[in-house]
Every structure is written in structure tokens, then in C-alpha cells.
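Structural characterization, general
Read off the chains here:
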Amino acid sequence: MRLGIRGLAPYAGFAVAFAIYAVLRVHAIGRFSDARSYHGVCRTQPPIVRAATALAVIGEYVRLCLVPVNLRLDYADLTVGTLAAPSVLFGMFSIVALLTCAALFIAGSRS
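Values in this document were obtained by computation on a predicted structure and should not be read as measured data.

1. Regarding the overall build of the protein chain
The secondary structure content of the protein chain amounts to five helices and zero strands. Seen in sequence order, the protein chain has helices and strands lined up from the N terminus as α-α-α-α-α. The buried share among the 111 residues of the protein chain stands at 14%. Pairs at least 24 apart in sequence give 57% of the contacts found in the protein chain among residues at least 6 apart. About 8,900 Å² of surface is accessible on the protein chain, with carbon and sulfur atoms providing 71% of the total.

2. Details of the pattern of salt bridges
Evaluated as defined, the whole model comprises one salt bridge. Between Arg-63 and Glu-60 there is a salt bridge, and its shortest N-O distance comes to 2.8 Å. Here Arg-63 pairs with Glu-60, and both are found in helix α4 (residues 47-66), just three residues apart, close to one helical turn.

3. Some details on a nonpolar patch on the surface
Together, Ile-48, Leu-83, Leu-89 and Met-92 give the surface a local cluster of nonpolar side chains, amounting to about 320 Å² of exposed area. With respect to the element layout, Leu-89 can be found in helix α5 (residues 86-110). With relative accessibility at 44%, the residue Leu-89 sits in the partly exposed group.

4. Focus: the nonpolar core
Ala-52, Leu-55, Ala-56, Val-80, Ala-85 and Val-88 together form the largest nonpolar core, which totals six residues. With three residues, α4 is the single largest residue contributor to this core.

5. With respect to the confidence of the model for the protein chain
Keep in mind that low pLDDT regions are not for reading the predicted coordinates in detail. With 83% of its residues at a pLDDT of 70 or more, the protein chain has an overall mean of 80. Taking the mean pLDDT of every element in the protein chain, the minimum, 62, falls on helix α3 (residues 41-44) and the maximum, 89, on α5.

Conventions and cut-offs
Residues numbered from 1 in each chain as written. Predicted model: local features only at pLDDT ≥ 70, side-chain atom pairs only at ≥ 80, totals over all residues. Heavy atoms only, no water. Helix = DSSP H or I, 4+ residues; strand = E, 2+ residues; numbered from the N terminus. Buried < 20%, exposed > 50% of the residue type's maximum accessible area, 1.4 Å probe, protein only. Contact = heavy atoms within 4.5 Å. Areas by Shrake-Rupley, 256 points an atom, 1.4 Å probe, with all protein chains shown as cover. Salt bridge = Lys/Arg side-chain N within 4 Å of Asp/Glu carboxyl O. Patch = residues over 30% accessible without salt bridge, like charges linked within 9 Å, V, L, I, M, F, W, Y side chains within 5 Å. Core = buried A, V, L, I, M, F, W, Y, C linked by side-chain atoms within 4.5 Å. pLDDT = per-residue confidence, 0-100.

Given below as C-alpha cells:
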């Protein structure tokens, strides 16, 4: 299935929304991204901790979307030191599940 201009038309709204967001963000803070401005996990932890924490954040995001209990204002204390932590494993499972659902959706739309 090839996507031409007509196939991409439904995504134009997303592109416009992202463009507006990007312009407003740059106007408000003067840049789009600067890794030096982040604190905590990005600069002081080894790469394995950063990777484990990123996977745990994905798992926590999926959990909050499915079961929104124990909500907090700030989740900045989420730091995981090992890839064998349950939150990291749930994050990995979430990624595989979401990719599987996307693949099944694409395969179903082709038939």
C-alpha cells in the first residue's frame, strides 16, 4: 500500500499541531532542546541506568494510561538501576505489546 498525498492528508492536522507547538516552545524558552539544561538522570548516571529508567518511564506511562491510580504531580524520582527491575520489564513488555498491536492493525488494514 503506497501512501500518496491523499493517503497522508489525515495526518496534516498532526503536522500543523506539532508545528504550532514547536513555534510556541521556541518562542517561550528560546530553544527546542538542550541536554545541558536537564538535571538528575541525564548527567550523573551511567548509560545502563539511563536506559533502564527510560524503559521504566514507558512502562509507568502505559500503566497510568490503563489504570490511572496513585497519581502524583511529579514523577521525577523514578530512577531504576537494573534492567531486571519489574518496572523495566513491564516497560519492555509494553513496547513489544504496542508494536505487536501496530503490526496487527497495519496487517489488518491491508487485507
